[in-house]
Amino acid sequence: MRFFGEDRDTLIQKRVRLVQSGHFRRNVDDIEKKDINGLDDIVGLDYMGSAEFEWGSLPKSLRRMTINKDFYKVFVFNQYKDENGNSLKVYAPHVFFKNIQNIVDRLAVNGYGLQEYCSLHRHIQKEEKNEEDTYFGYKDDRDFWWDIENDFFMFFEHTDKVLHAMDALRKRKFGYERNKAKSALNRLYMELLKRPNTSRYMDWNTSIKDYHYDKNTEVHFIEFLEDATLENIFMEAMIIAKVDKGTVVFNINGIPFSINEDSILDNIITENGINLVDSCTYSGKINELISQYNEEVQRKQKQTELVHVLRLVRDKKLHN
């Protein structure tokens, strides 16, 4: 029975299931950028043993990543480091960052429960490896992983070579015979981000209860579900603001919030002259906003209590 990769051009959100593993080539440090024409020039991929990884699944995922390259960033997960102290890098679409973050956190714990085993957690947890094992001429020490359904890479080193490989594919117009304009893709992803689970590609609902966009003021007005967590509320508002480069307005327990693309500042670090986004700042800044929100709630509660006490005092004086 044949399994063919999904024939689509757009990015989707799914629970992690198919993770392709691979190795950076032994001479990757010596490979000059002018000699890199694609991913296979710097990475050797493992044979996974399942049909889901065959029949064009990999080139279809790579084509989607090339077509949607404008939505990709390199996120640095400083909380996850390999045995040499290198932070985990994730080349992923920022439009679905919340899902990507959940997947990375999941794989950092263990590699079981997928179609095929993923060894990412072994690098993070520094488990012992068999130095003698080899696989197709490479030391069996996987250091490259690729979610071929959610379309993103994970690695610890060689960021510059990965980005150059993707740039080379873009220049070769790989997949562009099916390309859509960035504006059309942007509208599509906004539709997915701003409403509950109405797409067949999504596995769960967003936290959004109601949504309205004011074209005149270019403001997104959002009502979130009452049982939505504060972290999800701020995360979804932040991503919409970044994708649309507009303002997102919402209300929590009577407290109004307004977020734009600059409200949550990226902590930029430099590696080999490449700007990388520290993923910790996403959650970190969100936690800061939540703290500010909680302080505001407490302040309003104290004001309410004070007003109530003053009314009691006033009423008592009036009765006397």
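Just above sits the structure.
What comes next concerns the included structure. Computed from a prediction, not measured in an experiment: that's the story for all the values here.

Right, let's talk about the overall build of the chain for a bit. When helices and strands are counted, the chain shows seven helices and 14 strands. Counting the 320 residues in the chain, one finds 48% classified as buried. Intrachain contacts of the chain at a sequence separation of at least 6 include 66% that bridge at least 24 residues. Total accessible area computed for the chain in this model is approximately 16,800 Å², and 47% of it derives from carbon and sulfur atoms.

What follows covers the sheet that holds strand S10 (residues 219-224). Pairing is mixed in the open sheet, where four strands are placed in the order S9-S10-S11-S12. At either end of the open sheet lies a strand with only one pairing partner, and these are strand S9 (208-214) and strand S12 (255-259). This sheet shows a mean twist of 20° between the axes of neighbouring strands, independent of strand direction. With six bridges joining them, S9 and S10 adopt antiparallel strand pairing.

This brings us to unusual backbone geometry. For residues other than glycine, phi is negative in most cases, and the peptide bonds are mostly trans. Backbone geometry at His 158 places phi at a positive 65°, although glycine is not the residue there. Look at Glu 218: it is not a glycine, yet its phi comes out positive at around 55°. One can find Glu 218 in the loop between S9 and S10.

Working definition: the strands of a sheet are paired by backbone hydrogen bonds and lie parallel or antiparallel to each other. Strand order in the open sheet made by the eight strands is S2-S1-S7-S8-S4-S3-S14-S13, with mixed pairing throughout. Both outer strands of the open sheet, strand S2 (43-45) and strand S13 (268-271), are each paired with one neighbouring strand and no more. The sheet shows a mean angle of 35° between the axes of neighbouring strands, taken without regard to direction. Looking at chain direction, S13 and strand S14 (residues 274-278) are connected through four bridges and run antiparallel. By the bridge assignment, Ile 269 is partnered in S14 with Leu 276. The sheet contacts of helix H1 (residues 57-67) involve strand S1 (19-24), S2, strand S3 (72-81), strand S4 (87-93), strand S7 (144-147) and strand S8 (152-155), and relative to S7 the element is tilted by about 85°. Contacts from helix H2 (residues 97-107) reach S1, S3, S4, S7 and S8, with the element oriented near 30° to S3.

Moving on to the pattern of salt bridges. Oppositely charged side chains can pair when the atoms bearing their charge come close. By the definition in use, this model includes 15 salt bridges. One salt bridge in this structure joins Asp 70 and Arg 170, with 3.3 Å as the shortest N-O distance. With a gap of 100 residues between them, Asp 70 in the loop between H1 and S3 and Arg 170 in helix H4 (residues 159-171) connect regions that are remote in the sequence. A relative accessible area of 23% places Arg 170 in the partly exposed class.

With that out of the way, let us pick up the packing of aromatic side chains. Aromatic ring pairs are described here by two measures, namely the spacing of the ring centres and the angle between the planes. A complete count under the given rule lists 19 aromatic pairs for this structure. Seen in terms of ring centroids, Tyr 112 and Tyr 117 are 5.1 Å apart; in terms of plane orientation they differ by 55°. Their pairing is tilted. Judged by relative accessible area, which is 55%, Tyr 112 ranks as exposed. These aromatic residues form a ring-pair network of at least three members: Phe 24, Tyr 72, Tyr 91, Phe 144, Trp 146, Phe 153 and Phe 155.

Right, let's get into the packing of H2 against helix H6 (residues 230-244). Packing of H2 against H6 leaves a shortest axis separation of 10 Å and a crossing angle of 130°. Of the possible angle classes, the one that applies to H2 and H6 is oblique. From H2, Phe 97, Lys 98 and Gln 101 reach across to H6, where they touch Asn 232, Met 235, Glu 236 and Ile 239. When the residues that make up the contact of H2 with H6 are grouped by side-chain class, the tally is three nonpolar, two polar and two charged.

Moving on, we get to H4. The end-to-end C-alpha distance of H4, which contains 13 residues, comes to 18 Å, matching closely the 18 Å that a straight helix rising 1.5 Å per residue would cover. Looking at H4, one finds that the buried residues are Thr 159, Asp 160, Lys 161, Val 162, Leu 163, Ala 165, Met 166, Ala 168 and Leu 169. One or two residues past the end of H4 sits Lys 173, with phi positive at roughly 60°.

Here we take up H1. Of all 11 residues that make up H1, 10 are buried, and the element is covered over most of its length. Residues Ser 57, Leu 58, Lys 60, Ser 61, Leu 62, Arg 63, Arg 64, Met 65, Thr 66 and Ile 67 constitute the buried set of H1.

Cut-offs used in this document
Residues numbered from 1 in each chain as written. Predicted model: local features only at pLDDT ≥ 70, side-chain atom pairs only at ≥ 80, totals over all residues. Heavy atoms only, no water. Helix = DSSP H or I, 4+ residues; strand = E, 2+ residues; numbered from the N terminus. Buried < 20%, exposed > 50% of the residue type's maximum accessible area, 1.4 Å probe, protein only. Contact = heavy atoms within 4.5 Å. Areas by Shrake-Rupley, 256 points an atom, 1.4 Å probe, with all protein chains shown as cover. Pairing = 2+ DSSP bridges. Axes fitted to C-alpha atoms, helices over the stretch in contact; angles between N-to-C directions. Salt bridge = Lys/Arg side-chain N within 4 Å of Asp/Glu carboxyl O. Phe/Tyr/Trp six-rings, centres within 6.5 Å; stacked < 30°, edge-to-face > 60°. Parallel < 35°, antiparallel > 145°, perpendicular 65-115°, else oblique. Nonpolar A, V, L, I, M, F, W, Y, C, P; charged D, E, K, R; others polar. Expected span 1.5 Å × (residues − 1).

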